[in-house]
Amino acid sequence: MALPKSFDPATREAELYRMWEESGAFKAGAGKRRDETFTIMLPPPNVTGVLHVGHAFNHTLMDILTRWKRMQGYDTLWQPGLDHAGIATQLVVEKDMAAKGETRKRSEMDREEFLAKVWDWKKSSGGTIEDQARRLGDSLDWSRSAFTMSGAPNAPAGEKDGNFHDAVLKVFVEMYNKGLIYRGKRLVNWDPHFETAISDLEVENIEVDGHMWHFKYPLAGGETYTYVEKDEDGNVLFEEERDYISIATTRPETMLGDGAVAVHKDDARYAPIVGKLCEIPVGPKESRRLIPIITDPYPDMTFGSGAVKITGAHDFNDYEVAKRGGIPMYALMDTRGAMRADGKPYAEEAATAQAIANGEQTFDEAMIAAMNLVPEDYRGLDRFEARKRVVDDITAEGLAVMVAPNDPRLGAAAEKLVAPEEGGEDRLDQLTPLVEPKKIMQPFGDRSKVVIEPMLTDQWFVDTAQIVQPALEAVKDGRTTIIPESGRKVYDHWLENIEPWCISRQLWWGHQIPVWFDDDGNQFCAASEAEARAQAGDDRTLTRDPDVLDTWFSSGLWPFGTLGWPDQTEELDRYFPGDVLITGQDILFFWVARMMMMSLAVMDDVPFHTIYLHQLVRDAKGEKMSKTKGNVIDPLTMVDTYGADALRMSNAAMASIGGVLKISEDRIGGYAKFVNKLWNAAKLAEMNGAFDAPAERPAPRQTVNRWIMAEVGQLRADVDAALTDYRFNDAASALYAFIWGRFCDWYLEFSKPLLMDGSDADKAETQATLAWTLDQCLILLHPIMPFVTEELWQQSRPRDQMLALTPWPEYNDLADADAVAEMNWVISLIEGIRSARAQLNVPAGLKIPVLQIEADDAAKTAQANNIAMIMRMARVDSIDTADTPPKGSLTVATKGATFALPLAGLIDVAAEKARLGKSLVKLEKEIKGLAGRANNPKFAESAPPEVVAETKANLAEREAEAAQLTTALDRLAELD
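Cut-offs used in this document
- Residues numbered from 1 in each chain as written.
- Predicted model: local features only at pLDDT ≥ 70, side-chain atom pairs only at ≥ 80, totals over all residues.
- Heavy atoms only, no water.
- Helix = DSSP H or I, 4+ residues; strand = E, 2+ residues; numbered from the N terminus.
- Buried < 20%, exposed > 50% of the residue type's maximum accessible area, 1.4 Å probe, protein only.
- Contact = heavy atoms within 4.5 Å.
- Areas by Shrake-Rupley, 256 points an atom, 1.4 Å probe, with all protein chains shown as cover.
- Lys, Arg positive; Asp, Glu negative; His and termini not counted.
- Charge placed at Lys NZ, Arg CZ, Asp CG, Glu CD.
- Pairing = 2+ DSSP bridges.
- UniProt positions renumbered as here; feature names shortened; annotations may be inferred.
- Core = buried A, V, L, I, M, F, W, Y, C linked by side-chain atoms within 4.5 Å.
- Axes fitted to C-alpha atoms, helices over the stretch in contact; angles between N-to-C directions.
- Parallel < 35°, antiparallel > 145°, perpendicular 65-115°, else oblique.
- Left-handed = near helix turned anticlockwise from the far one by under 90°.
- Nonpolar A, V, L, I, M, F, W, Y, C, P; charged D, E, K, R; others polar.
- Salt bridge = Lys/Arg side-chain N within 4 Å of Asp/Glu carboxyl O.
- Phe/Tyr/Trp six-rings, centres within 6.5 Å; stacked < 30°, edge-to-face > 60°.
- Expected span 1.5 Å × (residues − 1).
- Arc of directions from axis to C-beta.
- Polar contact = N/O pair within 3.5 Å; in protein donor to acceptor, adjacent residues only side chain to side chain.
- pLDDT = per-residue confidence, 0-100.

Visitor: Is there a simple way to think about the overall build of the protein in this case?
Guide: What the protein contains, in helices and strands, is 30 helices and 33 strands. The proportion of buried residues among the 976 residues of the protein is 53%. Within the protein, contacts between residues separated by at least 24 positions form 78% of all contacts whose residues are at least 6 apart in sequence. Entry remark: accessible area of the protein is about 43,000 Å², with carbon and sulfur atoms responsible for 50%. Here the protein holds 106 positive side-chain charges and 153 negative ones, and the gap between their average locations is 4 Å.

Visitor: Would you mind showing me how to read unusual backbone geometry here?
Guide: In most cases, non-glycine residues show a negative phi, while peptide bonds are predominantly trans. That bond from Trp-565 to Pro-566 is cis: its omega, 20°, falls within 30 degrees of zero. Residue Pro-577 is bonded to the preceding Phe-576 through a cis peptide linkage, with omega at -5°. Examined against the element boundaries, Pro-577 turns out to sit in the loop between helix H16 (570–575) and strand E26 (578–584). Its identity is not glycine, yet Asn-841 carries a phi of approximately 60°, on the positive side. If you trace the backbone, Asn-841 turns up in the loop between helix H25 (817–839) and strand E30 (848–855).

Visitor: What is the right way to read the pairing of strand E27 (residues 608–614) from this model?
Guide: The side chains of a regular strand alternate between the sheet's two faces. Counting buried positions along E27 yields six of seven residues, so the element is predominantly enclosed. Taken together, the three bridges between strand E19 (residues 481–483) and E27 define a ladder with parallel strand orientation. Bridge pairing links Ile-483 to Tyr-612 in E27.

Visitor: Looking at this model, I keep getting lost on the UniProt feature "short sequence motif: 'HIGH' region" (unreviewed entry) in the protein. Mind explaining?
Guide: With numbering matched to this structure, UniProt assigns "short sequence motif: 'HIGH' region" (unreviewed entry) to residues 45–55. Its end C-alpha atoms 9 Å apart, residues 45–55 is made of 27% helix and 0% strand.

Visitor: Would you explain the nonpolar core in this entry?
Guide: Note that soluble globular proteins tend to have their nonpolar side chains buried in a common cluster. Counting residues in each nonpolar core, the largest one holds 146 residues, and the members touching the most others are Trp-707, Phe-728, Phe-743 and Phe-750. Residue contributions to this core peak at 15 residues, all from helix H22 (residues 728–757). Contact partners of Phe-743, with chain neighbours within four places excluded, come to Ala-681, Ile-708, Phe-738, Leu-748, Leu-770, Thr-773, Leu-774 and Cys-777.

Visitor: Just checking my understanding: could you explain the packing of helix H20 (residues 665–687) against helix H23 (residues 760–781) for this structure?
Guide: The relative placement of two packed helices comes down to the angle between their axes together with the axis-to-axis distance. H23 packs onto H20 with a crossing angle of 155° between their chain directions and a minimal axis gap of 10 Å. The orientation of H20 with respect to H23, classified from their angle, is roughly antiparallel. H23 is crossed by H20, and the crossing has left-handed handedness. Contacts from Phe-674, Leu-678, Ala-682 and Ala-685 in H20 reach Leu-770, Leu-774, Leu-778 and Leu-781 in H23. Across the contact of H20 with H23, the residue classes tally to eight nonpolar, no polar and no charged.

Visitor: Teacher, can you tell me more about the pairing of strand E11 (residues 260–263) here?
Guide: Neither face of E11 is left uncovered, since the one carrying Ala-260 and Ala-262 and the one carrying Val-261 and Val-263 both have all their residues buried. Two elements, E11 and strand E14 (residues 307–310), share four bridges in a ladder whose sense is antiparallel. Considered in E14, the bridge of Val-263 is made with Ala-307. The pairing of E11 with strand E13 (residues 290–295) spans three bridges and is parallel. Looking at E13, one finds that Ala-262 is bridged to Ile-294.

Visitor: When you look at the sheet that holds strand E31 (residues 876–881) in this model, what are you seeing that I'm missing?
Guide: Sheet strands associate in pairs through backbone hydrogen bonding, adopting either a parallel or an antiparallel arrangement. Strand order in the open sheet made by the four strands is E31-E30-E33-E32, with mixed pairing throughout. A strand with exactly one partner marks an edge of an open sheet, and here the two such strands are E31 and strand E32 (889–894). Along the sheet, successive strands turn relative to each other by an average axial angle of 25°, direction set aside. Across six bridges, the pairing between E32 and strand E33 (residues 897–902) is antiparallel. What sits directly across from Ser-889, in E33, is Pro-902. Sitting on the sheet, H25 touches E30, E31, E32 and E33, and the angle it makes with E32 is about 155°. Along the sheet, helix H26 (residues 857–865) makes contact with E30, E31 and E33, crossing E30 at roughly 150°.

Visitor: Looking at this structure, I do not really get the sheet that holds strand E23 (residues 523–525). What am I missing?
Guide: What the three strands build is an open sheet, ordered E23-E22-E24; its pairing is antiparallel. Two strands in the sheet have a free side with no partner beyond their single neighbour: E23 and strand E24 (543–544). Where strand E22 (residues 515–517) and E24 come together, two bridges link them in antiparallel fashion. The residue of E24 that forms the bridge with Trp-516 is Arg-544. Against the sheet, helix H13 (residues 529–536) contacts E22 and E23, and its axis sits at roughly 135° relative to E23.

Visitor: I'm lost on the pattern of salt bridges in this one. Help?
Guide: Any two side chains of opposite charge can pair if their charged atoms end up close together. For the coordinates displayed, the defined rule picks out 64 salt bridges. Arg-648 is the partner of Asp-63 in a salt bridge, and the nearest nitrogen-oxygen pair spans 2.8 Å. Taken together, the residues Asp-63 in helix H2 (residues 53–71) and Arg-648 in helix H19 (residues 644–653) connect sequence positions 585 residues apart. With respect to class, Asp-63 is no different from Arg-648; both count as buried. For the salt bridge of Arg-340 with Asp-342, the shortest nitrogen-to-oxygen distance reads 2.9 Å. Under the relative-accessibility criterion, Arg-340 is labelled buried at 7%. Asp-342 gets classed as partly exposed once you look at its relative accessible area, which sits at 39%. Residues joined by salt bridges that share partners form a network here, namely Arg-251, Glu-253, Arg-383, Arg-387 and Glu-453.

Visitor: Quick question: what am I supposed to make of the packing of aromatic side chains here?
Guide: For any pair of aromatic rings, the description rests on two quantities: the centre-to-centre distance and the angle between the ring planes. A full pass over the atoms with the stated rule returns 35 aromatic pairs. Taken together, a centroid distance of 6.2 Å and an interplanar angle of 55° make the contact between Tyr-176 and Trp-460 tilted. Of this pair, Tyr-176 sits in helix H6 (residues 164–177) while Trp-460 sits in strand E18 (residues 453–462), and the two are 284 residues apart along the sequence. Taking relative accessible area as the criterion, Trp-460 reaches 0% and is therefore assigned buried. When the centroid spacing of 6.5 Å and the interplanar angle of 50° are considered together, the rings of Tyr-726 and Phe-728 count as tilted. With a relative accessible area of 1%, Phe-728 lands in the buried category. Among the aromatic residues, those joined into a ring-pair cluster are Phe-172, Tyr-176, Trp-460, Trp-501 and Phe-553.

Visitor: What should I look at first to understand the environment of Arg-697 in this one?
Guide: Topologically, Arg-697 is positioned in the loop between H20 and helix H21 (703–724). Here Arg-697 falls in the partly exposed class, since its relative accessible area comes to 40%. Sequence-wise, Arg-697 and Ala-771 are 74 residues apart; in three dimensions their C-alpha atoms are separated by 9.3 Å. Sequence-distant contacts of Arg-697, that is, excluding residues within four places in its chain, are made with Met-709, Trp-772, Tyr-811, Asp-813 and Leu-814.

Visitor: Explain helix H10 (residues 383–396) to me, please; I cannot follow it from the model alone.
Guide: One turn of an α-helix holds 3.6 residues; hence residues three or four places apart share an orientation. Look at H10: 20 Å from first C-alpha to last across 14 residues, which is about the 20 Å you get at 1.5 Å a residue. Arg-383, Ala-386, Arg-387, Val-390, Val-391 and Ile-394 are the residues of H10 that are buried. One side of H10 holds all its buried residues, which, seen down the axis, span an arc of 135°. Sitting at the head of H10, Asp-382 places a side-chain oxygen 2.9 Å from the backbone nitrogen of Phe-384. Directly beyond the C-terminal end of H10, a positive phi value near 85° is found at Gly-398.

Visitor: Just to check I follow, could you spell out the environment of Lys-752 for this structure?
Guide: Structurally, the position occupied by Lys-752 is in helix H22. For the pair formed by Lys-752 and Thr-48, sequence separation is 704 residues and the distance between their alpha carbons is 55 Å. For Lys-752, the contacting residues outside a window of four places in its chain are Leu-684, Asp-757 and Arg-872.

Visitor: So what exactly am I meant to see when it comes to H20 here?
Guide: The terminal C-alpha atoms of H20, which comprises 23 residues, lie 33 Å apart, in line with the 33 Å expected from a rise of 1.5 Å per residue. Three or more residues of H20 are buried, namely Ile-668, Gly-669, Tyr-671, Ala-672, Phe-674, Val-675, Leu-678, Trp-679, Ala-681, Ala-682, Leu-684 and Ala-685. As for H20, its buried residues are in contact with helix H18 (635–642), H19, H22, H23 and helix H24 (786–796). One side-chain oxygen at the N-terminal end of H20 lies 3.2 Å from the backbone nitrogen of Asp-666; it belongs to Ser-664.

Visitor: Help me understand the confidence of the model for the protein in this model?
Guide: Do not read the fine detail of predicted coordinates wherever pLDDT is low. Taken over all residues, the pLDDT of the protein has a mean of 92, while the share at 70 or more is 98%. With pLDDT under 50 throughout, residues 420–425 is counted as low confidence; its partners more than four residues away or in other chains account for six contacts.

Visitor: Any chance you could explain the side chain of Arg-70 here in plain terms?
Guide: With respect to the helices and strands, Arg-70 occurs in helix H2. Among buried charged residues, Arg-70 stands out as having no salt bridge; its nearest opposite-charge side chain is Asp-63, 5.4 Å away. Those residues within four positions of Arg-70 in sequence are excluded, and the remaining contacts are Ala-25, Phe-26, Ala-30, Gly-31, Arg-33, Thr-76, Ser-139, Ala-804 and Leu-805.

See below:
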């Protein structure tokens, strides 16, 4: 049956994928012809996720490697699966409940009822991204698809197979027993909406309009000191007697929990009062606390007043200062972000805190955690309402720092005062509180979109200091390589400065922490309640910790948990450790480094030998995609419009190691044209009887056929070398250049005379060479563009097996230096003549004469052997010899030869000069303007980076155009 007019991705891609999957082509070990394995673990997307451009990009790279290795005969596994995504899934399910009319909140249900609803949602809606990955062409072993909650005790029948839950609990228990996991109170990112700790990756730091309030902390007992400001040379700029220390803060509500005021040890302004006490200027006057003024390296003497209030329970920097100084850390807020309403009366709590500050009362962590230093008037208020109340109360008492209303620090709120001589008044009562408008980085929950609160809470931690060294050594000694090299530096820096890893979350969806407590707070860690009771040894009441494990903890076990561990399965023996991990550099800390640590701690081996990191996929201008900008590219829309192959080729072509990833719909559309080019080449081969030729590799005599086979041999070597080194862009570029250029533009044209007018033997040889070359194009291109190549493979002639499992070529005997040299010479001459014609605007249909001025023997032989092709493809009516170029000729040089194109009388030289000159003047004007912007330091500093880059790119493009016009004018000058 004849090939259709074109390839229709919309109808054929789904059918082809169904054929692959149903035939078992993607199963582990499919098509293996050797013992070596090749394993890639798919970074598990969230069960709530949908395919975005980042997924589409790294899935493409993983699939390229997997298909390539499978065709090479490796025992290949690309392991799929999903992450249970605790916080994201709870959010989706709670929204789903509300949409279905459920009036109760999660907190109004019992745990089991809510978890049943989560499992119901997963069964009906979870895992959409797996079907979307099929549309991209991912050759994953779907029969092994894993889930990080598989095997959980409340999982319904029919869930994914596996015992991931058992693996998670076993690792937790073993690490707990080794002292690697502990429970402690530390500062964490707290999401008041979900009422849980979250990881740094789940926090979005967004620049917002904020304020810096300046307040006076009065010195105890009315003490005073001389405050002096000096310049760099020691000259006194300002001096006054003060009875307070000035503090600037963006979060006044946290002042209630201050434990100290810190200044730098080298700050001479405050040297007289270091060690003194100052009063927190808020709360009932009779119960106000006095806190010490201490020194610490943290305060910046040049920022604000140089004095910093230390609220260790509500700021990450303050937390470190408090730890260093032994300062109590008072928690002010509840889990909802409201000011605490529990505990003893404020006066009683404040008295205890004062005794601690005076050194009259010892304290411990539990005692401080129980204390509530929020005055009764603020208890129960939302934190932002409390902020407003605190500011109003301090200002009303006269303890705000006051400045003239025209003080520039007030920003837009500053007034322009009228001088007395102009009818204004110079009055002290015009002073206004100093509140500086400031751009501040505000942390928001990426799911809840509420402001994240640093909170001091009881959490479970991995003592990473005990397990980090093997992960550092594995990269240092080369067992695992990070690509690009810059990724290693980031990896090393993070691990060398690693903090304890918070692994608990205050959620219900997830692996519940396997620790039980008795009434005295004793801990019993075990994989089951029965084992915990056996440890307790009596009938005491045990209560299980309600928290669940961070999803990064369970996904840290992904490289071996998906293979059946803790059971010693056949798959674990064969496929662990894996080969390469391909993922975004943004999760190098959160997932990659933790997999390294966990695999080495549990399996005593690295999880993979190579880590390939890529950047964020951006739009064509290099800008981050966002819905507000309207520049989001939906990969599935691209698949609908252009087909998966075009999107995959675009992804591969931009995948330079460490390079900026800019996706463009225009480029994707361009690769859709490449699909059509390949299809049309196959149609031409079919039309010329190539598919009826024997399928064996030919042994041609004709130079053009020997040449194309030698070029195929070089292409195979180039693609293999590029993929071995993870240079996906080089592999894609080599294939594109060969198929579009060497094969379609040159070989198909060179072969026409042999196919149409050659002898029977030449025709048969060329048909066989054409068919074999097309087959090699399909094989070598298949890992990048699987759909169209598989379709052509199966539709062109009967096959023994599908292309997805066809052996990868290993030929190393196709080199033919003579044929390559000859045909490259022919191409060079044709291109030289074509270029000269195009530059001088010679009519395309006009055949012109050519004169050979000089030529060595090789050039003469190449010309004689290919004279018909040269004349036809260069639009030449004759090639004669001459000793010198006649007047009005243009020269074309090739290796070993010089030719002249006598164009006098064929073109209007004066008109061409005028046309090109006019274009050049216009271009030079554009270049001057672009160069002025690009070379202006102020432009580079103030303009967005993507605008600067675009300007420089436009400048380079215009300069290249100007160079071409100048060359054309120079050539015209030869005709005078």
